[in-house]
Amino acid sequence: MATPSTPLPGAAAASRSPAAHPAWVRATHWVNALAVLIMTASGWRIYNAAPLFDFVFPAGITLGGWLGGALQWHFAGMWLLAGNGLLYLGCSLASGRLVRRFFPLSARGIAADLAAALRGRLSHADPRRYNQVQRAAYLFAVIDLVVLVLSGLVLWKSVQFETLRTLMGGYEAARYVHFAAMALLMGFVAVHLAMAALVPRTLMTMIRGR
C-alpha cells in the first residue's frame, strides 16, 4: 500500500514521460485559435459589405460593427496570425517536431485509420502520437491557412502583389479563393471541436501538456 509520501506508480510514470505538447505548442495553438476567431468574425462583417453570394452573415456573429471597424480588427488578427504562424513553423522545424508528428503520411495509411475511426476502433491511448487522419487534417489546416494569408494579401495590397494576384486569376477570383479557404477552415474547426468533445483527453493535453 502506497504511503502519502510515496507517489503512485502511474503518477510517477506520468511525471517522467515527456509532455504530449510542449509549452510553445500549447501557447501558439491558443493564440492561433484567438487569431482565427478574430479574423473570421471580422471577415464575415467585411463580406457582408460586398457579398459574393445571395446571403449575408447575421450581424450578431460578426466583429467590428461597421466596415471600417471590421477592417481594423481583421488587420490586427492578420498580424497576430502571421506572427504566431511563423513562430510555430520555426519552432516546429528547429525542434524536428514537424517531421516527427506529421510524417510519414500515405493514402493507404489515411484510409486505414479512417476506416478504424468509423468503426470506433481507432486508439487515442497515446496523445503524443498522431494517427494518419490527424496528420492529414492538421497539414491541411496549415496549407489552408497559407492560402488564406496569400489570398488575403491580394485583397489587401492588390497592386503590390500583382504577380500573386495574376496567379490567383485576378482580384475577384482571389475573393472566391479567400472565401473558399475560410469555409474549409471552418469545416476543419467544426470537426476539430467535435473530436475534442468525443475525446476530452485531447483537449486536456492541449491545456496541461499531458
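All values derive from a computational prediction rather than experimental measurement. (Residues numbered from 1 in each chain as written. Predicted model: local features only at pLDDT ≥ 70, side-chain atom pairs only at ≥ 80, totals over all residues. Heavy atoms only, no water.)

**Topic: the overall build of the protein chain**
The helix and strand tally for the protein chain stands at 9 helices and 0 strands. Secondary structure elements in the protein chain, listed N-terminal to C-terminal, are α-α-α-α-α-α-α-α-α. Per-residue burial over the protein chain gives 34% buried out of 210 residues. Contacts spanning at least 24 positions in sequence make up 68% of the contacts within the protein chain whose residues lie at least 6 apart. (Helix = DSSP H or I, 4+ residues; strand = E, 2+ residues; numbered from the N terminus. Buried < 20%, exposed > 50% of the residue type's maximum accessible area, 1.4 Å probe, protein only. Contact = heavy atoms within 4.5 Å.)

**Overview of the UniProt feature "transmembrane region" (unreviewed entry) in the protein chain**
The sites that carry the UniProt feature "transmembrane region" (unreviewed entry) are, in the present numbering, residues 27-47, 52-73, 79-99, 136-156 and 176-200. As annotated, residues 27-47 comprises 100% helix and 0% strand, and the C-alpha atoms at either end are separated by 30 Å. In residues 176-200, the share of helix is 96% and the share of strand is 0%. The end C-alpha atoms are 35 Å apart. (UniProt positions renumbered as here; feature names shortened; annotations may be inferred.)

**Concerning the packing of aromatic side chains**
For the structure shown, the criterion picks out 14 aromatic pairs. A ring pair is formed by F55 and F57, whose centres lie 5.6 Å apart and whose planes are at 85°; its orientation type is edge-to-face. Among the residues examined, F57 registers a relative accessible area of 14% and is labelled buried. Between F75 and W156, the aromatic rings sit 5.7 Å apart at their centres with planes inclined by 45°, giving tilted as the arrangement. Of the two residues, F75 sits in helix α3 (residues 67-95) while W156 sits in helix α6 (residues 132-156), which places them 81 residues apart along the sequence. On the basis of relative accessible area, W156 is assigned to the partly exposed category, the value being 32%. Each residue in the set W44, Y47, F53, F55, F57, Y176 and F179 is aromatic and connected to the rest through ring pairs, giving one cluster. (Phe/Tyr/Trp six-rings, centres within 6.5 Å; stacked < 30°, edge-to-face > 60°.)

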